[in-house]
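Chain residues, written in single-letter form:
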Amino acid sequence: SLKLSDSKVAETEKLGAILSRHLIQQEDPTLQEKLQYYQAAGISGLKLFLKAEQKPGKKFFELDPTMNLKECLAKKLLIEYPTIHVLLKDHGSAYDVIDSGKLISFR
């Protein structure tokens, strides 16, 4: 598993644009080797997931890379910093996805 992070990301930035910064050729050869399959797949070949906090079991929301960060995180409980899991589309079926339209909104 590989963890990459960004700080001070504008909430108006599209998720795909944020991810694209990591899909460019990397100077570090070890990092480049780990990212090569994701780079080859491109944004359209990836699935993005956010863990659904305080839900029984490991459940996730699937995120749309064409939406901005604010839209993707709206009405979702976050603990500390949002962690987005990025998988190749073929591997995304292993995640238990929740339909965000079925969640109860707390105010």
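Residues numbered from 1 in each chain as written. Predicted model: local features only at pLDDT ≥ 70, side-chain atom pairs only at ≥ 80, totals over all residues. Heavy atoms only, no water.

Draft legend 1. Quick look at the pattern of salt bridges. Using the criterion set out here, one finds four salt bridges in the structure. In this structure, Arg21 and Asp6 form a salt bridge, with 3.9 Å as the shortest nitrogen-oxygen distance. On the criterion of sequence distance, the pair formed by Arg21 in the loop between helix H1 (15–20) and helix H2 (29–41) and Asp6 in the segment before H1 is long-range, its members being 15 residues apart. Owing to a relative accessible area of 36%, Asp6 belongs among the partly exposed residues under this scheme. (Salt bridge = Lys/Arg side-chain N within 4 Å of Asp/Glu carboxyl O. Helix = DSSP H or I, 4+ residues; strand = E, 2+ residues; numbered from the N terminus. Buried < 20%, exposed > 50% of the residue type's maximum accessible area, 1.4 Å probe, protein only.)

Draft legend 2. Just the environment of Gly16, in detail. One can find Gly16 in helix H1. The spacing of Gly16 and Thr66 is 50 residues in sequence and 6.0 Å in space, taken between C-alpha atoms. In this structure, Gly16 is in contact with Ile43 and Pro65, ignoring residues within four places of it in sequence. (Contact = heavy atoms within 4.5 Å.)

Draft legend 3. Up close: the sheet that holds strand E4 (residues 96–97). Pairing in this open sheet of four strands is mixed, and the strands run E3-E1-E2-E4 from one edge to the other. Strands at the two margins of the open sheet, each flanked by one partner only, are strand E3 (84–88) and E4. Sheet analysis places strand E1 (residues 46–51) next to strand E2 (residues 59–63), joined by four bridges and oriented antiparallel. Each residue of the ladder has a partner; that of Leu50, found in E2, is Phe61. (Pairing = 2+ DSSP bridges.)

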